[in-house]
Amino acid sequence: MKTLIDRALNKVQMGGAQYTDIRIVDNHTESIRVKNGVVESLNSSESIGFGIRVLVDGAWGFSSSHDLTPEEIERVSQQSLVIARASARVPGEPVDLGPPVNWRGSYMTPVGIDPFKVSLEEKLDVLLAADREMGRVETVKIRQGNLVFVREKKWFANTESALTEQTLMETGGGIIATAVAESEVQTRSYPTSFGRQQVTAGWEVVSEWDFPGNAERIANEACALLTADSCPADTITTVILGGDQVALQVHESCGHPIELDRVFGSEVAYAGTSFLTLDKLGHLRYGSDQVNITADSVRPLGLGTFGWDDEGVPAQSAPIVENGRFVGYLMSRETASRLGKVSNGCMRASSWNRIPLIRMTNVSLEPGAWDLEDLIGDSDSGIYMETNRSWSIDDKCYNFQFGTEMGYEIKNGKLGRMLRNCTYTGITPDFWNSCDGVCNLKHWTMWGTPNCGKGQPSQIAHTGHGAAPARFRNIRVGVYKQ
Amino acid sequence: MLGRKKTENICKDILRRAGSDPIEVLLVFEDQSLTRFANNAIHQNVAERNATLIVRLLRGKRIGLATSNRLDGRGLDKLVSRARANAQASLEDPDYPGLPGPAEYKHVEAFDPHTAQCSPEARAGAVGSLCRLASEKGLNGSGTFSTATHEIAVANSRGLFAYYVRTGADFQTVIMSEDSSGREHDSGFRVDDIPIESLFREAIKKAEDARHPREIASGDYTVVLTPHATEDLLNMLNYYGMGAQSLLEGRSWMNDRMGVKAMSNLISIRDDGLDPEGVPVPFDFEGVPKERVDIVSRGVVTSPVHDRITGRKMDRTSTGHALLPTQRSLEPMATNLFMAPGSSSIQEMIRSTRRGLYINRFWYTRLVHPRDCVITGMTRDGLFMVKDGELAYPVKNLRFTQSYVEALANVDRVGRDTRLLTNEFGGYAARVPALRINEFCFTGSTV
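Quick notes on the rules
Chains are numbered independently. Their residues run from 1 in the order of the written sequence. Starting at A for chains and at 1 for ligands, labels are handed out in the order in which the entities are written. The model is predicted, so local features are restricted to residues of pLDDT at least 70 and side-chain atom pairs to those at 80 or more, both for listing and for counting; the totals for chains, interfaces and linings are taken over all residues. Values shown for side chains rest on all heavy atoms present in the structure; no hydrogens or waters enter the calculation. Helix and strand assignments come from DSSP, with helices taken as H or I runs of at least 4 residues and strands as E runs of at least 2, each series counted from the N terminus. A radius of gyration in this sense is built from C-alpha atoms; the matching globule rule multiplies 2.2 Å by the number of residues raised to 0.38. Residue exposure (1.4 Å probe, protein chains only): buried if accessible area is under 20% of the type maximum, exposed if over 50%, otherwise partly exposed. Whether two residues are in contact is decided by their heavy atoms: any pair within 4.5 Å suffices. Residues counted as positive are Lys and Arg, residues counted as negative are Asp and Glu, and His and the chain ends are not counted. By convention, the point assigned to a charge is CZ for Arg, NZ for Lys, CD for Glu and CG for Asp. Only buried Ala, Val, Leu, Ile, Met, Phe, Trp, Tyr and Cys residues count toward a nonpolar core, and they belong to the same one when joined by side-chain atoms within 4.5 Å. Cavities and pockets are found on a 1 Å grid laid over the protein atoms alone: a cavity is a set of points where a 1.4 Å probe fits but cannot escape, a pocket is an open set with protein on both sides within 12 Å along at least five of seven lines, and a lining residue has an atom within 4 Å of such a point. Grid points are joined across faces, edges and corners, and a volume is the space filled by probe spheres set on the points. By the convention adopted, Pro, Cys, Tyr, Trp, Phe, Met, Ile, Leu, Val and Ala count as nonpolar, Lys, Arg, Asp and Glu as charged, and the other residues, Gly among them, as polar. For two strands to count as paired, DSSP must find a minimum of two bridges between them. What fixes the domain bounds is an automatic or database domain assignment. One side-chain nitrogen of Lys or Arg within 4 Å of one carboxyl oxygen of Asp or Glu is enough to make a salt bridge. For the purposes of these results, a polar contact is taken to be a pair of N or O atoms within 3.5 Å, where, inside protein, one atom must be able to donate a hydrogen and its partner to accept one; residues adjacent in sequence count only when each atom of the pair is a side-chain atom.

### Focus on the overall build of chain A
Line of reasoning, step 1. Per the secondary structure count, chain A includes 10 helices and 24 strands.
Line of reasoning, step 2. Its C-alpha radius of gyration of 23 Å places chain A within 12% of the 23 Å reference for a compact globule of 482 residues.
Line of reasoning, step 3. Each of the three principal axes of chain A carries a C-alpha extent, and together these read 70 × 55 × 35 Å.
Line of reasoning, step 4. Across the 482 residues that make up chain A, the buried fraction comes to 67%.
Line of reasoning, step 5. A separation of at least 24 residues holds for 75% of the contacts in chain A among residues at least 6 apart in sequence.
Line of reasoning, step 6. A gap of 3 Å separates the mean positions of the 46 positive and 59 negative side-chain charges of chain A.

Written out as structure tokens, the structure is:
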């Protein structure tokens, strides 16, 4: 790899680039899907290639290829220069990358058991055992389970002498029970929705998740939801969100608006901008004093945990919201220097064929002091909601609406009747300022979001979100007329 | 480009490696380039060359899949051996009907050499003119201008070989002022067919007209949708129920509506991969020829689309709507949708509206409930109050929560002009008109 890397960097520098970096990525993914006792898909995927990013006359160019040969390195190097020179015909602000980045070293995700060394039979056994357990509940019409394992080797080098090598490992999985009645469809997922929970770890987490042990429970819940009472219509009440729903709330209403490229307008054509404009940094009361949010790339299990980002900046931790006050953005080298700061290592590309963009690492709500039982016990009335079913937020990450798979009425400090089709809506800073309780570390989980879309061409990022259940006051629920 | 001959040789190399095991090969080879601009400057400018090989290998009724982007001999060896190992570990699949046999394909015109050769300089030249225009007006121009070549081949050990090459071009722009925005978008397989400058000027006009928006209350409104907004209705109805698998499982909006007049008699929806007015494609990812499917005819729900698995389950043949072998969980899906045009212009729709909203685009739409296809989302990039037949003033964006089936039941005018649009994730195109819909439900506002 070193020879190919040197060839590319030399070629591009000789062609007049001010700065160049190259990433070579070799990704292996194994995915298994079981549906109603049938192996629907058992796929082993390999994707290898390289991408060269160059800065010429103050403008960026990027070219990439799957063909890792010296001849193709030459072609792609040349093409990246041509593209950058074309960009320079429509220039913007001069690019300043700030201080040089020249870290060297290697990193590997710590894993207990390498999932690629576990037999396919053993993996299938887990999913089929869960399928059988869900099958005990007759009304469940669709039983699904999946496992995903990722091993990605990544080499990064730039013309400032950085050279890093990383092996990142991920393990994901989940089960889903869908019950169908005459005009109603209800789904329960475990450990969370969108198919799976996913973390940077090995096979050991699959046994911790215990799919077979949770399968019949979610199947029964899906059936019970078919005839449960509907979420009260258009009501203002207290809401306690389960940890996995808080994680997605953090992702959408904090993780995205703190991306500094959105603030600078780079994503206007697709994802949008951000209500967290520069004048709000250090001043805005984003949430109540219960709200502390951190962006890090060092916490165990997080999908945003790595050695260096895709600009070669080392993994680190940065405060985003401190006791409710908005204090930090996710930054790249280029955007950080515009603020007179240095990057906090948030540039990530989905693969070799995409440029790095500012992406969430692990954006987490820090644990509070409450036990969940006490938080419910402290609530006279309201609704407990868990596991996301629907999510939507506007292009400034300001106006949102979420739906959850399941809810329970809270009455006199206790969970009461089950509620279906729960929805809630709000305005981001109003919502977080209404937070008056976050559960403690015992209830805190590092959730994975392996489906975060951004950029053109589209990129899917894997992000982490530590979260525990939390309480919010005066929230509008039941938006959906039933 | 690889070309037909080289593509066929790669497929044969893989079939040979499978020996006596039945096998199917899907090869996609792509050259894609995209120039992205924001703040009236090019800030991202990228190119990609990639191959995707997906093989489906059968050991009896057990199926193994493997995917790779390596075309070298060692890569092909590994690809086949991984698929074989997966098939050996798998269980029998009672639903899979086996590999299809050879078929005849209709020729479709979807390749334009000029688009295939479109250079970074050409894209930058066009974008530069636009950015200067926005800058002169004190506006902030952003968008993408992309061109691509896609080669798609399907081959299997029963002698099927299908090959197709197409180009694609897409232009999207969002123009922003301090308190407003406007957007335009157009796609096609010939880059020269996309009227970039007029789209850009139209987006500028929308952004200027949308300045100083007023706040209004949520509630039910008559709405006039541009084709951009209409496309979202079609896309979501497709994703959540036009495929036969969701109908079989009881989670489609089509359930309980088959043969029923569920929409306005002005609404007809079909999928037709062979229609040159769309993004034509002769076959699906199993190599099955594309068929026209009338999904909704004059408001009556008539048919879902099928792949070979659902076709067998419902005692009919595939309509050519299989997705990638690795996307089986997404079921068959329509990929070339058309909503039949009507007789109104957008201006006539506005002129005949006493009170309503003119909506340029929907954003971040997500399913709230499947059986009625209830969707929530926001308006974006141009929202206007219509009063007494005129655009009265711009308004601040609203959130809606609305059944899309019910919305199409409440259509009383359909536009005579249509726009071809690809969705944000590609691989799907729809040609759609403007619509006027009564009682569209808005559930929240942004102050």
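That covers the picture; the talk isn't over yet.
### Description of the nonpolar core
Line of reasoning, step 1. Ranked by internal contacts, the top residues of the largest apolar core, which has 56 residues, are Ile258, Tyr286, Ile293, Leu330, Val363 and Tyr424 of chain A.
Line of reasoning, step 2. No other element matches helix H6 (residues 243-255) of chain A, which puts five residues into this core.
Line of reasoning, step 3. Among all residues touching Tyr286 of chain A, those that are not within four sequence positions of it are Ser253, Cys254, Phe275, Leu276, Ile293, Val321, Gly324, Phe326, Thr428, Pro429, Trp432 and Asn433 of chain A.
Line of reasoning, step 4. Counting 51 residues, the second largest nonpolar core, distinct from the first, contains Leu233, Ala262, Ala407 and Ala430 of chain B.

### Looking at the layout of surface pockets
Line of reasoning, step 1. Here the largest pocket defines a volume of roughly 670 Å³.
Line of reasoning, step 2. Residue lining of the largest pocket: 34 residues in total, with Trp60, Ser266, Glu334 and Arg338 of chain A together with His43 of chain B positioned closest to the centre.
Line of reasoning, step 3. Of all the elements in the fold, those that place two or more residues in the lining of the largest pocket are strand E3 (59-65), helix H8 (333-338) and strand E15 (357-358) of chain A together with strand E2 (41-59) of chain B.
Line of reasoning, step 4. For the lining of the largest pocket, the leading source of residues is E2 of chain B, giving five residues.
Line of reasoning, step 5. Within the lining of the largest pocket, the residues separate by chemical class into 15 nonpolar, 12 polar and seven charged.

### What to know about the pairing of strand E16 (residues 390-394) of chain B
Residue and element names in this part refer to chain B.
Line of reasoning, step 1. Looking at chain direction, strand E15 (residues 383-387) and E16 are connected through four bridges and run antiparallel. If you follow Phe384 over to E16, its bridge partner there is Pro394.
Line of reasoning, step 2. Remark: two residues form the turn of the hairpin made by E15 and E16, two consecutive strands paired antiparallel; Asp388 in that turn has positive phi of roughly 50°.

### Focus on the domain arrangement of chain B
Residues and elements named next belong to chain B.
Line of reasoning, step 1. Along its sequence, chain B is carved into domain 1 (4-209) and domain 2 (219-445).
Line of reasoning, step 2. Arg419 is the salt-bridge partner of Glu184, the closest N and O atoms lying 3.1 Å from each other.
Line of reasoning, step 3. At the junction of domain 1 with domain 2, the criterion picks out 15 residue pairs in polar contact (both at pLDDT 80 or more).
Line of reasoning, step 4. Listed by contribution, the elements that provide at least two residues to the side of domain 1 that touches domain 2 are strand E1 (23-38), E2, strand E3 (62-68), strand E4 (140-156), strand E5 (161-176), strand E6 (181-188) and helix H5 (196-209).
Line of reasoning, step 5. Among the elements that line the side of domain 1 that touches domain 2, the one with the most residues is E6, at eight residues.

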